[in-house]
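# Residue-level structure breakdown
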Amino acid sequence: MLNIFKRRGPPPPPDHVPDAALPVVWLLGKTGAGKSSLVRVLTDQTDVEIGDGFRACTPRSQSYDFPPDQPLVRFLDTRGLGEVGYDPTADIAECRGRSHVVLVVCRLDDPVQGAVADALHEVMRQDRKAPAILVLTGTDLIADPQALGRAQASIKAAIDRAAGRDLPVAALSLAPETGPDAEDLDRLRALLLDALPAAGLLLAHDSAATAEEAAFLKVRRRVLFYSGVAGSSDVAPLIGAVSVPATQLAMLRELGQHYGVAWDRKTAAAFLAALGLGAGARFTLSYGVRQLTKLIPVVGQTVGAAAAGSISFAATYALGRAAAYFLHGAAAGSPPDEAALRKIYANAFKRSSHDTD
């Protein structure tokens, strides 16, 4: 019988998420609105790192990949909106096909947002369902609370008209001395998580209430990396049927090494049984890599490539989260709480998945 956790199995997945598959956060706003500062606070990078990290990708647009050493998300900044003589049509067309969520960034002390509204209207004309979030910066720049409220309401009304719908909104300060209020930044991160889980999970600042949760936070980026590879490879049923399980197996091997637990047949059977496969675990182990797909939802032939990729991303992330919980206990010699393990898998899947209806 094939031991699915031996290295003589299928070839390893790529060592990076393909550029074309990186989730993209498109920053749409005027120069000076605080887009680079927004990237800085979301990624916990310094001004120097952000300034040096952006690179040209169109005549007037720049991109920044994060983390720089092994990118998992790309920020795309369309510059020049509102500048005299700048026609953003070409840049918008280029960016529109590459973005997954649009952050419409407007500074509250600048009421003239017509160029931003026009650009957003063009984006939404092409794709009415495009995820978008309004980010109002400069809450520290207007001292009078009533004036601040009027500015927020005025800009939001204009942007909502351009979008053709009521956009979720986050308002925050980007003052260099103090930065944003933690609650304001958490709201933006929560909105990102809803709109684009692949980016939101990376940028989330989760707190750890237990030693197990703290241990997972140390490996979360690696789980997200494998999730990104799985989602990008599941472009067709025949390709995904091989690449997704192979990626998941590589992730499980690495997690086992990190926690110091060997993925032998006994450990694998215990993990699969704890997830709820029971006697089916023996069948899975006997038939090797192909049967590990029983751990993820069946996408079938009728689900489109984008939906299948989203499901594979979420299923791989959930599998990694559940495996981390299981391995943490195994390393300490504690049998897993099966109900807790299944709940962790279900919650992780829900948190990392899009609505594919």
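Preceding block: the structure.
In this text the structure is predicted, and so the values were computed from the model without any measurement. (Residues numbered from 1 in each chain as written. Predicted model: local features only at pLDDT ≥ 70, side-chain atom pairs only at ≥ 80, totals over all residues. Heavy atoms only, no water.)

Burial along strand E7 (residues 169–172) is one-sided: Ala170 and Leu172 are buried, and none of Val169 and Ala171, which face the opposite way, are. In this structure, strand E6 (residues 132–137) lies alongside E7, joined through four bridges in parallel fashion. When the bridges of E7 are listed, Thr137 appears paired with Leu172. You can see the chain leave E6, run along helix H5 (residues 145–163) and come back into E7, and the turn it takes is right-handed. (Buried < 20%, exposed > 50% of the residue type's maximum accessible area, 1.4 Å probe, protein only. Helix = DSSP H or I, 4+ residues; strand = E, 2+ residues; numbered from the N terminus. Pairing = 2+ DSSP bridges. Right-handed = clockwise from strand over helix to strand, strands pointing away.)

Once the charged atoms of two side chains with opposite charge are near each other, the side chains can pair. Evaluation of the coordinates by the stated rule reveals 15 salt bridges. Lys35 serves as the salt-bridge partner of Asp77, at 2.8 Å between the closest nitrogen and oxygen. Taken as a pair, Asp77 in strand E4 (residues 73–78) and Lys35 in helix H1 (residues 35–43) lie far apart in primary sequence, 42 residues in all. Given the relative accessible area of 5%, Lys35 is considered buried. Among the ionic pairs, Arg351 bridges to Asp206, the shortest N-O distance being 2.8 Å. With Arg351 in helix H13 (residues 338–352) and Asp206 in the loop between helix H7 (197–203) and helix H8 (211–233), this residue pair connects regions lying 145 residues apart in the sequence. The class for Arg351 is partly exposed, based on a relative accessible area of 32%. Owing to a relative accessible area of 28%, Asp206 belongs among the partly exposed residues under this scheme. One network of salt bridges, in which partners are shared, links Lys35, Asp77 and Arg79. (Salt bridge = Lys/Arg side-chain N within 4 Å of Asp/Glu carboxyl O.)

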